[in-house]
Amino acid sequence: MLSPLYVGLVHYPVYDKNFDVITTAITNYDLHDISRSAKTYGVKKYIIIHYVQGQVDMIHKIMNFWESPVGRKYNGYRTQAFDIVDIKATIQETVDMITCEEGVRPYVVTTDARTYAQSISYKELRKRRETDGRPILVLLGTGYGMTKEVMEEFDFILEPIHGTGTYNHLSVRSAAAIILDRLAGSSWWE
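Here the residue index of a chain counts from 1 through its sequence in written order. For a predicted model such as this one, the threshold for reporting local features is a pLDDT of at least 70, and the threshold for listing and counting side-chain atom pairs is 80 or more; totals across whole chains, interfaces and linings nevertheless cover every residue. In computing side-chain values, all of the structure's heavy atoms are included and hydrogens and water are not.

(A) Quick look at the overall build of the chain. Across its full length, the chain holds 8 helices and 9 strands. We compute the radius of gyration from the C-alpha atoms alone; for a globule the expected value is 2.2 Å times N to the 0.38, where N is the number of residues. Expected size for 190 residues packed as a compact globule is a radius of gyration near 16 Å; at 16 Å, the chain falls within 12% of this value. In terms of overall dimensions, the chain has C-alpha extents of about 45 × 40 × 40 Å along its principal axes. When each of the 190 residues of the chain is scored for burial, the buried share is 46%. Contact criterion: two residues are considered in contact whenever any of their non-hydrogen atoms come within 4.5 Å of each other. Residue pairs in contact within the chain that sit at least 24 positions apart in sequence constitute 79% of those at least 6 positions apart. With the model as given, the accessible surface of the chain reaches about 10,100 Å², and the carbon-plus-sulfur share is 52%. Positive charges come from Lys and Arg alone, negative charges from Asp and Glu alone, with His and the N- and C-terminal ends not counted. Here the site of a charge means NZ on Lys, CZ on Arg, CG on Asp, or CD on Glu. Treating the 21 positive side-chain charges of the chain as one cloud and the 23 negative ones as another, the clouds have centres 6 Å apart. Numbering of helices and strands runs from the N terminus; a helix is a DSSP stretch of H or I covering at least four residues, while a strand is a stretch of E covering at least two. Here's how the labels work: a residue is buried when its accessible area is under 20% of the maximum for its type, exposed when over 50%, partly exposed in between, all with a 1.4 Å probe on protein chains only. Areas reported here follow the Shrake-Rupley algorithm with a probe of radius 1.4 Å; residue values treat only the protein chains shown as occluding.

Here it is as structure tokens:
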């Protein structure tokens, strides 16, 4: 049996391009595209992690449109993808919610373009998901990634996604799709 998989999109604390700690803004694309990828790959919940009330209000406004009769008629697939979306103010609230729902604390796994001491391969995390039973929360950072101090608190950090050259700065939407395919997609290589 596969462990339940959760995805969280972290907007604070993250770095900007100068490595100052900031809070990033919600983007319509992150809300839509990651929820669609998450729904496609069987993610139990996609949690938007943001504490600024104005940003949370914007999320509700966007989702309310797509859940309205007009939005459903225009593109029902977006409405379906929002069925798994939740909003929490902090990473800890997200972990607490999953712990309460599953009865056990999830492995908290994050992503980064850099390698850390507690890095884990996709193969190893996929194996844990197939054999361990403990839920997994994959956190995706916005901006230029989550702060180093926060990253060091997690159980694992997924190895970086590498392309074919030296350029390595994927959008969070693209990274989410690749990560979900590697962790929850069909085993096409077998």
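(B) Expanded view of the sheet that holds strand E6 (residues 107-111). On the basis of which strands lie adjacent, the open sheet formed by 7 strands has the order E5-E4-E1-E8-E6-E9-E7 and parallel pairing. Either end of the sheet is taken by a strand with one partner, and the two such strands are strand E5 (85-88) and strand E7 (119-120). Where strand E4 (residues 45-49) and E5 come together, 4 bridges link them in parallel fashion. The residue of E5 that forms the bridge with Tyr-46 is Val-85. Of the strands in this sheet, strand E1 (5-10), E4, E5 and strand E8 (136-141) are in contact with helix H1 (residues 28-40), which crosses E4 at around 155 degrees. Here helix H8 (residues 172-184) sits on the sheet and contacts E1, E6, E8 and strand E9 (156-158); the angle it forms with E8, its principal contact strand, is near 155 degrees. Two strands pair if DSSP finds at least two bridges between them. Axis lines are fitted through C-alpha atoms, for helices just across the contact stretch, and the angle between N-to-C directions can take any value from 0 to 180 degrees.

(C) Molecular detail of the pattern of salt bridges. Whenever Lys or Arg places a side-chain nitrogen within 4 Å of a carboxyl oxygen from Asp or Glu, that contact is recorded as a salt bridge. With the rule as written, the count across this model stands at 9 salt bridges. In this structure, Lys-44 engages Glu-101 in a salt bridge whose closest nitrogen and oxygen atoms are separated by 3.9 Å. Taken together, the residues Lys-44 in the loop between H1 and E4 and Glu-101 in helix H5 (residues 91-102) connect sequence positions 57 residues apart. Judged by its relative accessible area of 39%, Glu-101 is partly exposed. A salt bridge links Lys-44 to Glu-102; the shortest N-O distance between them is 2.7 Å. Taken as a pair, Lys-44 in the loop between H1 and E4 and Glu-102 in helix H5 lie far apart in primary sequence, 58 residues in all. Note on Lys-44: relative accessible area 38%, which makes it partly exposed. Through salt bridges with shared partners, a single network forms among Asp-30, Asp-33, Arg-36 and Arg-173.

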